[in-house]
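Structure assessment
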Amino acid sequence: MTLAEMSSNFLYAAFIAYLIATFVFGGAVKGNKTGTYNSESRWGKTAFIITIIGFLANLAYFFTRWGATGHAPLSNMFEFTTAFGMTLVGGFLVLYFLYKTPVLGMVVLPVALLIIAFASMFPSEVSPLIPALQSNWLAIHVSTVVIAEGILAISAAAGLVYLLKVVDLTKRSKQRFWLEAIMYSLVLVLGFVIASTYFTAAGYQADFSYVDKEGVEAEIEYKMPPIFGMNEYTALSENTMTPLAEMPAVINASKLTTVTWSLIFGTILYWLIRLVARRRIAAILKPFVKNVNLNLMDEIGYRAVIIGFPVFSLGALIFAMIWAQIAWSRFWGWDPKEVWALITWLFYAAYLHLRLGKGWQGEKSAWLGVIGFTIILFNLVAVNLIIAGLHSYA
Amino acid sequence: MDKMQCQCGHVNPPGTILCESCGRSLTEKEQNSKLVDMRYEGTARRSQTYNKSIIDKIWNFFSSVKVGVGIIVALLVAAAIGTILPQEEYVQVATRNEDTIKAYYSDVYGEIGRIYHFLGFHDLYSSFWFIILVGMLAISLIIASLDRFVPLYRSLKNQRVLRHESFINKQRIYGKGYAQEDVLAKAETKLKELKYNVKLDKNGLLAEKGRFSRWGPYVNHIGLIIFLFGVMLRMIPGFYVDETLWIREGETRAIPEVPDYALESKSFELETYSGEENGGAFSEAVDRVGSVAKNYQTDVILYKKPENSLPGATEDMEVVKEYPIRVNQPLKFDGYAVYQMDFKLDELKAMTFALTNKETEESLGELTIDLIDPEKMYELENGATVELKGYYPDFSGFENGEPQTATPLPNNPGFLVEMTTPETPKGETSFILIRNTIEPFGDNQFKLEFQGVETRDVSGLTIRKDSTLPILGLGGLIFMIGVAQGMYFNHRRFWIQQKANGEVILAGHTNKNWYALKKDLEQVSAYASLPAYSDQQEEIEKQMKKEGEEAL
Ligand code: HEM
């Protein structure tokens with residue numbers, strides 16, 4: 001077994017451990033009917049240990065891959081996203097250690113699983129570093145950022161638990177709508193994973209030539225049946241679906257196709273769940289949070305931001321600026337990725353001021369935590385894949 | 001406004017909420033609330049006290065957290081808008097000017113692009129209004145910090161151990177009950193063990209920990225202000241140099257904006273991954289993507305002119321150092337740094353021709369034309385000559401019969417030559433291009449036959465000096481110290497008082513992390529048998545919820 005193969009086996013092991021731990025955490029919370037925290041803490045401890053084992057396997061993945069590539073595995077979409085899933089679990093472990101709340105694990109672990117599954121849809125072969133990335137600052141800067149994001153994301157998890165408990169699902173309201181929208185978007189990620197896995201397993205491939213936005217002829221490979229065609233496309237493979245509509249040159253119709261298939265798969269899955277359960281997803285989860293101490297959740301959410309914000313400032317701004325000064329001769333260049341790091345930072349600064357200065361605690365703070373996570377994900381996914389810049393990985 | 005005298009006799013500055021001495025609530029609103037507002041220890045802040053003159057109004061505007069957050073959010077939204085379409089500097093156009101950039105936005109992005117450009121969003125981050133927003137952020141940071149710093153400093157400096165009961169029982173953590181005689185002494189022992197500073201006064205105790213963390217926000221704001229000041233400085237000439245230098249292999253050039261220094265490029269190298277590195281680990285990735293760059297490198301020699309040499313003299317330069325400039329490894333000297341930023345491979349350097357008799361194919365000899373610095377006249381054997389009457393390094397066509405050149409770079413060289421041989425003493429004229437020869441005055445007997453070409457690489461280097469970096473670094477460092485100080489430490493306090501009848505009252509307060517405060521209190525309670533406490537905020541919330549449910 002090569003080091004690279006070993007590394008991917010460790011990742012599988014971590015994935016499975018997280019999966020099991022999710023259910024044990026769920027059991028811990030659900031088993032606690034009477035609100036005496038006895039069984040909750042016993043099952044919680046078991047789940048915590050399983051999570052730690054998973055996390056160790058996850059670390060083993062990280063360092064064996066580092067050994068295999070010769071550089072910190074934080075240099076492409078697969079590696080960075082997987083690392084984010086890992087630090088999310090890491091952030092959870094820190095806060096679990098401080099506050100011992102199984103319900104948090106029940107929310108964080110499935111999200112981490114989704115993120116790792118999402119990451120695995122990107123090319124995962126070990127790849128060499130382009131000159132700009134050949135620097136120790138790659139490991140220093142990116143790992144600090146991803147650790148900070150993992151911790152900050154815990155505030156969203158705590159916020160979600162808070163919202164699940166306080167939002168009244170029996171009455172029509174904006175809160176109920178948005179809470180369900182969060183659930184729906186998590187299912188959409190699963191939709192993407194299912195769509196990619198399905199079409200990859202089926203070996204789908206369709207090649208097209210097209211004219212790009214600079215007016216140059218280029219070729220592209222679709223891995224899913226083309227719903228949308230590229231600008232002035234011509235099919236190069238036979239027996240493939242004809243695109244339903246042609247897109248202008250600025251739109252990457254191949255990515256739009258992937259998004260659309262994910263939407264289709266995700267939406268079908270979402271309605272299947274609702275049909276079977278006859279309830280909103282939020283309502284399915286509601287019984288799990290019955291005994292949650294709201295004040296404690298609020299405090300965990302705040303604590304996560306307090307721990308994460310300085311780390312994020314250091315990694316995403318200060319280390320980033322130092323490296324940019326060395327590699328690109330200027331510490332700041334308004335590259336989209338840089339700008340979104342700044343936006344994330346400004347957002348959490350606003351969070352802190354609203355909380356301290358305007359007394360935004362409890363529900364408001366919980367919503368802000370969830371929005372913060374959305375911004376982090378936007379920076380990770382949309383900025384990398386859609387808004388091309390110096391940092392673009394794909 | 002008048003000074004406010006408390007029942008205890010202490011005279012407080014106007015605007016005070018909690019008496020500086022005993023802690024009684026001074027305003028009616030405060031007296032009626034269940035919990036005291038501890039945010040700035042109930043001290044008077046200028047912004048809450050004066051509201052008359054225009055200066056007061058401006059002061060109050062900028063010291064408001066609402067306004068501060070408004071500015072932060074405005075910046076955040078503006079920054080996001082700037083990423084919808086690429087900024088002007090990242091746009092690739094053949095020739096850069098306002099019109100081509102404008103055309104680019106509407107050609108590539110259609111109507112949206114046109115509007116984006118029209119609104120000035122293509123250069124958002126250096127727009128006037130964006131810079132004003134940043135300036136307002138700085139003003140707000142300064143005023144808001146001053147507004148709170150002074151009163152907070154005063155009150156934290158004069159903390160009293162004994163406070164009025166109404167101050168104690170309106171704290172979030174509060175307890176009351178009977179306890180043993182030696183409760184204060186025992187609490188003191190345990191609190192000291194937990195690293196609290198303990199002060200005793202008569203029948204009261206004040207334990208305090210982590211007071212310095214209260215200065216965190218002010219320290220971090222100072223860091224931010226220093227950083228913004230540094231950014232402002234770079235607009236002053238001399239603090240900041242940003243130049244580009246294109247240098248060919250073998251060339252020596254003066255470094256722009258850097259007096260007395262010159263750079264020679266020995267060679268430029270571009271390496272790509274073969275897929276064999278690292279035991280073949282990368283072969284799959286290299287196969288998928290095609291070629292992946294591994295290294296861009298310019299080997300240079302840095303020269304310096306001696307002190308008293310004549311301007312323009314280049315012979316007597318001293319070698320300072322030889323250095324391979326690579327991405328991530330700039331050449332540094334004397335406050336300047338030279339970066340590997342760009343390159344052009346295989347620029348034409350020289351072309352070699354043979355003067356040939358068209359009929360017999362007999363050669364009269366060869367000549368090599370240096371494309372950067374061509375000679376006027378080339379003399380061959382047998383007295384034949386080739387005179388270069390015109391040189392067009394980047395030939396772009398004829399205008400009014402005159403050959404034109406688009407740039408001074410030898411991308412597509414054209415030569416107008418006159419060839420003279422013993423057989424054709426009058427000379428023959430020919431216009432030579434790559435793969436094409438024009439004979440404007442009819443058929444010639446001789447031609448210049450292309451023999452070969454020499455090429456070389458060109459490095460695109462960036463020269464930077466940034467004297468503001470130390471200031472920015474200092475600002476960043478202070479900011480980090482401030483956030484760590486304010487967020488990784490908390491200011492925790494306990495007040496305990498023992499009354500004459502044996503009753504004990506206690507209260508606790510922290511600016512952050514109530515969970516840890518309660519844990520500390522539980523440890524002290526266990527040791528000193530303190531009366532049970534409650535979290536009054538949680539009680540109030542429970543109460544409100546219950547009332548809400550009953551109302552349904
Ligand atoms: C990007 C800009 C800013 C950053 C990064 C920043 C950062 C911070 C941080 C980290 C804290 C501590 C928060 C906590 O401990 O929970 C803080 C507190 C504070 N900031 Fe800012 N700040 C910024 C801009 C501003 C502005 C524009 C104002 C103007 C109103 C302001 C006013 C305050 C106030 C009043 C506090 C609370 C101080 C206290 O309670 O003692 N900040 N700031």
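Above this text you will find the structure in question.
Residues numbered from 1 in each chain as written. Chains lettered and ligands numbered in written order. Predicted model: local features only at pLDDT ≥ 70, side-chain atom pairs only at ≥ 80, totals over all residues. Heavy atoms only, no water.

1. As for the site of the ligand
Residues in contact with the ligand amount to 26 residues; listed here are only the nearest, H353(A), S140(B), Y218(B), H221(B) and K512(B). At the site occupied by the ligand, nearby residues are drawn from chains A and B. In this structure, H221(B) approaches the ligand through a side-chain N or O atom, which is 2.7 Å from a nitrogen atom. Within the side chain of K512(B), one N or O atom sits 2.6 Å away from an oxygen atom of the ligand. For the shell around the ligand, the secondary structure elements donating two or more residues are α9 (294-328) and α10 (336-358) of chain A together with α4 (65-81), α6 (128-157), α9 (216-233) and α12 (469-487) of chain B. Here the element with the most residues in the shell around the ligand is α10(A); it accounts for six residues. Tallied by class, the residues present in the shell around the ligand amount to 18 nonpolar, six polar and two charged. If you count residues domain by domain, the shell around the ligand takes at least three from each of domain 2 (47-154) and domain 4 (216-237 + 471-486) of chain B. (Near = heavy atom within 4 Å. Polar contact = N/O pair within 3.5 Å; in protein donor to acceptor, adjacent residues only side chain to side chain. Helix = DSSP H or I, 4+ residues; strand = E, 2+ residues; numbered from the N terminus. Nonpolar A, V, L, I, M, F, W, Y, C, P; charged D, E, K, R; others polar. Domains from an automatic or database assignment.)

2. A short note on the pattern of salt bridges
All names here are of chain B. One pass over the structure, following the stated rule, counts 28 salt bridges over all chains. Of the charged contacts in the structure, one is a salt bridge between K389 and E418, with a shortest N-O distance of 3.6 Å. Taken together, the residues K389 in strand β15 (residues 385-392) and E418 in strand β18 (residues 414-420) connect sequence positions 29 residues apart. Through salt bridges with shared partners, a single network forms among R248, E251, R253, K344 and E347. (Salt bridge = Lys/Arg side-chain N within 4 Å of Asp/Glu carboxyl O.)

3. As for the sheet that holds strand β14 (residues 377-379) of chain B
Residues and elements named next belong to chain B. Strand order in the open sheet formed by five strands is β14-β15-β18-β19-β20, with antiparallel pairing between adjacent strands. Of all strands in the sheet, those bounded by a partner on one side alone are β14 and β20 (436-438). Pairwise comparison of adjacent strand axes, ignoring direction, gives a mean angle of 25° for this sheet. Relative to β20, strand β19 (residues 428-433) is paired through three bridges, and the arrangement is antiparallel. (Pairing = 2+ DSSP bridges. Axes fitted to C-alpha atoms, helices over the stretch in contact; angles between N-to-C directions.)

4. Focus: the interface of chain B and chain A
Each side of the interface is counted separately: chain B has 61 residues, and chain A has 63 residues. Summed over both sides, the interface between chain B and chain A buries roughly 5,200 Å², with carbon and sulfur atoms accounting for 65% of that surface. Contact with chain A buries surface across chain B, with T83(B), N328(B) and Y515(B) losing the most and accounting together for 12% of the total. In this assembly, chain B and chain A are joined by zero salt bridges. Along the contact surface separating chain B from chain A lie 15 residue pairs in polar contact (both at pLDDT 80 or more). Here the side of chain B that touches chain A takes nine residues from α4(B), the largest share from any one element. (Contact = heavy atoms within 4.5 Å. Buried area = accessible area lost by both parts, 1.4 Å probe.)

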